[in-house]
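Listed below, chain by chain, are the residues.
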Amino acid sequence: MTDGDSNLPIIERKLGLQIWSIENMKMVPVPEKAYGTFFEGDCYVILHNKRTSHGIATDLHYWIGKDSTQDEQGAAALYVIQMDDALGGNPVQHREVQGHESETFQSYFRNGIIYKKGGAASGFRHVETNVYNIKRLLHVKGKKHISATEVELSWNSFNKGDVFLLDLGKVLIQWNGPNCNIAEKSRGLALARSIRDSERGGRAQIGIIDNEKDSPDLMQIMKMVLGERRGELREAIPDTKADELQKANVRLYHVYEKDNDLVVQEIATRPLTQDLLQHEDCHILDQGGFKIYVWRGKLSSQDEKKTAFSRALGFIQAKGYPPSTNIEVINDGAESAMFKQLFQKWTEKEETQGLGKVYTTSKIAKVEQVKFDTTQLHARPELAAEQRMVDDASGNVEVWRIEDLHMKPVDPKKYGQFYGGDCYLVLYTYMRSGRPHYILYMWQGRHASVDEITACAINAVELDKKYGDEAVQVRVTMGKEPTHFLAIFKGKLIIYEGGTSRGQTSTPEPTIRLFQVRGTDEMNTKATEVPARASSLNSNDVFLLATSQVCYLWCGKGCSGDEREMAKMVADVVSRRDKLTISEGQEPAEFWEALGGKAPYASEKRFQERNTHYQPRLFECSNQTGRFIMTEVVGFCQEDLDEDDVMLLDTWQEVFLWIGKSSNAYERNEAIASAKEYLKTHPAGRDLATPIILVKQGYEPLIFTGWFNAWDPYKWSDGKSYEEMKNSLGDVSAISEITVDLNNINLNKRNISMINSTVSNTKRVTSEYKTRLNHSDSNSYSNSSNCNSSPSPMPNGDGVYSREVLMNKTVDELPEGVDPAKKEYYLSDADFHDIFGKSKHEFYQMPKWKQQNEKKQYGLF
């Protein structure tokens, strides 16, 4: 589509990214292969479309390079406003500043963002594939969100804590600072491979320096380019990130103009409610200076809508916030998930509040209970996640009570009965893929002592160790029992308000008890003790009133037949007395007498408090610095779970903590505290009793994996570690020679151990190599004729072979130097795409077992 009045370019209605740079005040499309690379002297407009459950979600960004002009910035902002109009006012608009991009923006470029010096005005153009006359140094930062900035070719640019890439065209040297962690090294390597595959057609070598002493040859190259290093390396500069306490400080402002002045009036603080947003006005939501949202009411004037960005910038200046503060402009009715999660509750526009009105998202509590086929759980992991069920609850159950700070087995006849004065451990064992899996529930009574709660956690750790540290640990607060916990007790879960199940207790049990029963089958029923008085009743439910003479089954007008049947089952557990079923309105006098007399109670249809707007969110969490900091991963997938991380997955009804096998002990030990801090500081004012579920790498249950698209159960066994990825770079051994132009410097691989794996410790720079470094006057990439081990490559000399030479060949039939385990790598890019239907980069992103299956299919295994 085009807009003739605004000179907009063609905007395709397609999913994914479209990017334009601002050149001579016009939008010029950026080649797709250059996506993720931004010139510091330019501004860009970025359009992103993605499919959601509600249709297509559109985000519009304008990106400001640090050296761009005010005119270019103004043009980019104007184009975004015009595009917003052309797209019907539905996009969410973002202002992005180099080095301070939003998490949404960074999620588009999974291999990282590269900042390059210069811009269109200086004659620079986005790089084309197979251009090798390059010499630059990239400073790589970040773990989850990677950015690489082109910096001065000097040792002064380096520090101890970051990754640096020395890009010499046909050779990329990754220098890892001594204080780098595995995740940073892995992300740096992923970026190096991305440059190799997308910009160099897969024809560049990658060398890695983890320890300078172990890589003398690579260090020699670096010294030839950068000179001798003098003095110590600088310490790393820590990232300045907003902590969760800062992000929780949300404030809502009414914004309007009065006598040509911008008036900003604060109207509310956390927790915010949706009714504060007036459709006739514009509002600014300030998230602790971390991010500024501008909400444009659908009835606000066109002038108000067009000045949204300028108003936000004026607000930033008035508050003294840095110019790089992120801005998001959103329209009434097209709010982003990020915005909605800042409110305590959010109702979509099709939903209405009030009794008897239609709810399109099933918000009424008396929802028809649709039974689902438990056999579908493994075939449809997303169903397991939505239903919070790892299996059909037919596994083995063992229960212990914490007594004298130790575990004491509970009589199996008492399974399902929990007392508010106690703490319990419940071990659930189920079979999956022919081997046992474990869930360890830690149930904490409301009246249990601090010592008992602590002892419960300690004993859980010991029990987990007994089962090989494989158990999924779930903290269950009394009254917040998850669905699966209900299901394993087959409809007989009974929560007693106080007291204890210990035999020696001196406190007599009350003679009159009242239980509220909710549930329609064995999978979802729970009976909870409530105060034995009339005001506890509710017309929507069934109640059991146990007295010394009889047990009444009181059936409210709104309850169903299934609920009555489940209540009868529970009644046999809570009382041995005769059962008497009574309907609401037909109670005998003795019933009211037992409750202390009649009193008003809830008799209207109840609405279910569910946050249907909430989308699962994944965070990397850290509190190493003494500040609780979380980095969100937008559009997350399984690849975002790094083995040295502790990750938090928030699905609103529960919080998962995923523990990577190589995560550091401090963050593992503090994981639960981090999750509690997350709930405590959440802008929406979260329930602190939300279940917290501890999940360990490699032992993820379906209720966790179901939130991820296309979960690969073999990733942890087939997935490559950083060391394996590093070593795999040696698979390009068919390239017999590397020559690098370093201002008249020629390097020969026969003399240099140029790694795509680690450099051999025994290799040393020869006198011939040194002579060539000092005296070569060649500016071209030449092939050495004295390399006896060279195979017979294609004429381009880059170790590429025709498909006939590689397909369906035994090891003996392959050309010398070809790795038989990686035959496909020696195909040309065109042949590779023709055979596999994808690029090499896409192929190597697939799980290993999928790669092998395709290689077998095409005779390249």
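Our subject is the structure listed above.
Residues numbered from 1 in each chain as written. Predicted model: local features only at pLDDT ≥ 70, side-chain atom pairs only at ≥ 80, totals over all residues. Heavy atoms only, no water.

Asker: Go over the overall build of the chain with me, naming the residues and quoting the values.
Answerer: Each helix and strand counted, the chain has 23 helices and 34 strands in total. The 861 residues of the chain split such that 54% are buried. The long-range fraction of contacts in the chain, counting pairs at least 24 apart against all pairs at least 6 apart in sequence, stands at 66%. Split by element, the accessible area of the chain, about 39,000 Å² in all, is 47% carbon and sulfur. (Helix = DSSP H or I, 4+ residues; strand = E, 2+ residues; numbered from the N terminus. Buried < 20%, exposed > 50% of the residue type's maximum accessible area, 1.4 Å probe, protein only. Contact = heavy atoms within 4.5 Å. Areas by Shrake-Rupley, 256 points an atom, 1.4 Å probe, with all protein chains shown as cover.)

Asker: A description of the sheet that holds strand β27 (residues 542-546) should follow, citing residues and the corresponding values.
Answerer: Taken in spatial order, the seven strands make up an open sheet running β20-β24-β26-β25-β27-β28-β29, and their pairing is mixed. This sheet does not close on itself; its edge strands, each paired only once, are β20 (417-419) and β29 (578-583). Between one strand and the next, the sheet's axes are offset by a mean angle of 20 degrees, whatever the strand orientation. The strands touched by helix α12 (residues 561-574) are β20, β24 (493-496), β25 (513-518), β26 (526-530), β27, β28 (550-555) and β29; relative to β27, the strand with the most contacts, the crossing angle is about 20 degrees. (Pairing = 2+ DSSP bridges. Axes fitted to C-alpha atoms, helices over the stretch in contact; angles between N-to-C directions.)

Asker: Pulling in residues and values, what's your account of the pairing of strand β8 (residues 136-141)?
Answerer: Of all the six residues making up β8, five are buried; the element is thus mostly covered by neighbouring parts of the structure. Two strands pair when backbone bridges link them, and β8 and strand β10 (residues 163-167) are joined in this way by five bridges, in the antiparallel orientation. In the strand pairing of β10, Arg-136 is matched with Asp-167. Bridge count between β8 and strand β9 (residues 147-151): five bridges; the pairing is antiparallel. Bridged to Val-140 within β9 is Ala-148.

Asker: So what's going on with the environment of Gln-274? Residues and values would help.
Answerer: Its location among the elements puts Gln-274 in the loop between β14 (261-269) and β15 (282-287). According to the relative accessible area criterion, Gln-274 is partly exposed, its value standing at 23%. Separated by 71 residues in sequence, Gln-274 and Lys-345 place their C-alpha atoms 7.0 Å apart. Beyond its immediate stretch of four places on either side in the chain, Gln-274 contacts Phe-343, Lys-345, Trp-346 and Thr-347.

Asker: Describe the sheet that holds β9, with residues and values.
Answerer: One open sheet holds the seven strands; their spatial order is β3-β7-β9-β8-β10-β11-β12, and the pairing between them is mixed. Among the strands making up the open sheet, the edge pair consists of β3 (37-39) and β12 (205-209). On average, adjacent strands in this sheet sit at an angle of 25 degrees to one another, irrespective of strand direction.

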